[in-house]
Amino acid sequence: SCIDSREEIWLHPSGSGKARITVSLPSSAIALGGGPDAIYSSIDEFLARQPGVASITKQITTSDNRSTIDVSFQFTSALELSSSMAKSATDPNIPTPVRHFMGTTSLQREGLALTGERVIDIGKVIPGSAFLSSAATNNRLQTILHLPLSPTDHNATRVENEGRTLIWDIPLSTAMRAPLIQRVHVRAPAPLLAGISIAA
């Protein structure tokens with residue numbers, strides 16, 4: 001019940017982009033995962049299977065019994081990456097908590113319109129979450145999506161940059177009570193349609 005996460009994705013008009021994922025958790029979780037070197041190896045192995053991923057940086061820092069995993073990378077095609085990530089979410093070789101934290105995605109395309117939805121079930125990530133959901137905690141789950149144009153519909157908790165930046169900022173206690181759903185609908189010019197698929 002002491003996890004904080006922040007995902008930030010920048011999508012360019014070409015369909016390429018970059019992402020940064022930061023997760024803060026008790027240092028004991030790093031130890032259970034085999035230590036920093038084992039975590040680094042797992043990150044490298046996972047990203048190596050994703051198409052068009054490059055310029056990977058990763059760092060684990062520890063302070064006051066908490067560790068922060070910080071990973072950044074660039075990608076050449078959001079469409080290919082989102083499809084690959086969707087398959088990885090069902091890969092039995094990836095630890096179950098990680099797969100549930102990634103969530104499941106669906107993508108529906110109709111003409112120039114695209115609807116993406118991601119469902120994250122924290123209840124399957126954190127053992128005993130049903131008993132912890134009422135606990136007082138300041139921990140949060142954040143996803144920030146920078147789009148090259150404004151979506152026509154979404155369920156983000158707030159927006160910035162004239163609607164082109166969508167922010168889902170959810171207390172962890174809320175996410176433990178029910179699955180977290182992130183949804184966005186975009187109608188875009190044809191050259192941008194493939195790129196907007198990162199919204200899944």
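Our subject is the structure listed above.
Everything quoted here is computed from the prediction, not taken from an experiment. (Residues numbered from 1 in each chain as written. Predicted model: local features only at pLDDT ≥ 70, side-chain atom pairs only at ≥ 80, totals over all residues. Heavy atoms only, no water.)

S.K.: Just give me the short version of the overall build of the chain, but keep the residues and values in it.
M.R.: Helix and strand counts for the chain come out as seven helices and eleven strands. For the chain, the share of sequence-separated contacts (at least 6 apart) that also reach a separation of at least 24 residues comes to 61%. Only carbon and sulfur atoms are counted for the fraction: they give 54% of the accessible area of the chain, which is about 10,400 Å². (Helix = DSSP H or I, 4+ residues; strand = E, 2+ residues; numbered from the N terminus. Contact = heavy atoms within 4.5 Å. Areas by Shrake-Rupley, 256 points an atom, 1.4 Å probe, with all protein chains shown as cover.)

S.K.: Hey, could you go over empty space enclosed by the protein for me, with residue numbers and the actual values?
M.R.: To find leftover empty space, a probe the size of one water molecule is rolled over the atoms. One pass over the structure, following the stated rule, counts one cavity of 30 Å³ or more. By volume, the largest cavity amounts to about 70 Å³. Within the residue set of the lining of the largest cavity, elements represented by two or more residues are strand E1 (4–11), strand E6 (113–120), strand E7 (140–146) and strand E11 (180–187). For the lining of the largest cavity, the element with the highest residue contribution is E7, accounting for three residues. Looking at the lining of the largest cavity residue by residue, the classes come out as five nonpolar, four polar and two charged. (1 Å grid on protein atoms, 1.4 Å probe; cavity = no way out; pocket = protein on both sides within 12 Å on 5 of 7 lines; lining within 4 Å. Points joined across faces, edges and corners; volume = space filled by probe spheres on them. Nonpolar A, V, L, I, M, F, W, Y, C, P; charged D, E, K, R; others polar.)

S.K.: Pulling in residues and values, what's your account of helix H3 (residues 78–88)?
M.R.: Of the residues making up H3, those classed as buried are Ala-78, Leu-81, Ser-82, Ser-84 and Ser-88. Projection of H3 onto a plane perpendicular to its axis shows the buried side chains occupying an angular sector of 165 degrees, all on one side. Taken together, the buried residues of H3 touch E1, helix H2 (36–48), strand E3 (53–63), strand E4 (66–75) and helix H4 (96–102). (Buried < 20%, exposed > 50% of the residue type's maximum accessible area, 1.4 Å probe, protein only. Arc of directions from axis to C-beta.)

S.K.: Quick one: what's the story with the pattern of salt bridges, residue by residue and with numbers?
M.R.: Summed over the entire model, instances satisfying the criterion amount to ten salt bridges. Across the pair Arg-158 and Glu-160 runs a salt bridge, and its minimum N-O distance is 3.8 Å. Using a relative accessible area of 37% as the deciding quantity, one classes Arg-158 as partly exposed. Among the ionic pairs, Arg-158 bridges to Asp-169, the shortest N-O distance being 3.4 Å. (Salt bridge = Lys/Arg side-chain N within 4 Å of Asp/Glu carboxyl O.)

S.K.: Break down unusual backbone geometry for me, citing the residues and quoting the values.
M.R.: In this structure, Ser-55 is a non-glycine residue whose phi angle is positive, near 50 degrees. A positive phi angle, near 65 degrees, is found at Asn-65, a position not held by glycine.

S.K.: Just give me the short version of the side chain of Arg-118, but keep the residues and values in it.
M.R.: By secondary structure assignment, the location of Arg-118 is in strand E6. A distance of 2.8 Å separates polar atoms of two side chains, one belonging to Arg-118 and the other to Glu-7. In terms of polar contacts, Arg-118 uses its side chain to reach the backbone carbonyl oxygen of Met-102, at 2.8 Å. (Polar contact = N/O pair within 3.5 Å; in protein donor to acceptor, adjacent residues only side chain to side chain.)

S.K.: Lay out the packing of aromatic side chains with the relevant residues and their values.
M.R.: Within the structure shown, the criterion is met by zero aromatic pairs. Between the NZ or CZ atom of Lys-18 and the centre of the ring of Trp-10, over which it lies, the distance is 4.9 Å. (Phe/Tyr/Trp six-rings, centres within 6.5 Å; stacked < 30°, edge-to-face > 60°. Lys NZ or Arg CZ within 6 Å of the ring centre and 35° of its normal.)

S.K.: Which residues make up the environment of Gln-59, and what values do they have?
M.R.: With respect to the helices and strands, the residue Gln-59 is situated in strand E3. Classification of Gln-59 as partly exposed rests on a relative accessible area of 46%. C-alpha of Gln-59 to C-alpha of Val-71: the two residues are twelve residues apart in sequence and 6.6 Å apart in space. Every residue in contact with Gln-59, bar those within four places of it in the chain, is listed here: Tyr-40, Thr-68, Ile-69 and Asp-70.

S.K.: Which residues make up the sheet that holds E7, and what values do they have?
M.R.: Strand order in this open sheet of seven strands is E3-E4-E2-E1-E7-E10-E9, and the pairing throughout is mixed. Of all strands in the sheet, those bounded by a partner on one side alone are E3 and strand E9 (158–160). In this sheet, neighbouring strand axes are inclined to one another by 10 degrees on average, regardless of whether the strands run parallel or antiparallel. Direction of pairing for E3 relative to E4: antiparallel, over a ladder of nine bridges. Across the sheet, Ser-63 pairs through a bridge with Arg-66, a residue of E4. Contacts from H2 reach E3 and E4 within the one sheet, and its direction differs from that of E3 by about 160 degrees. (Pairing = 2+ DSSP bridges. Axes fitted to C-alpha atoms, helices over the stretch in contact; angles between N-to-C directions.)

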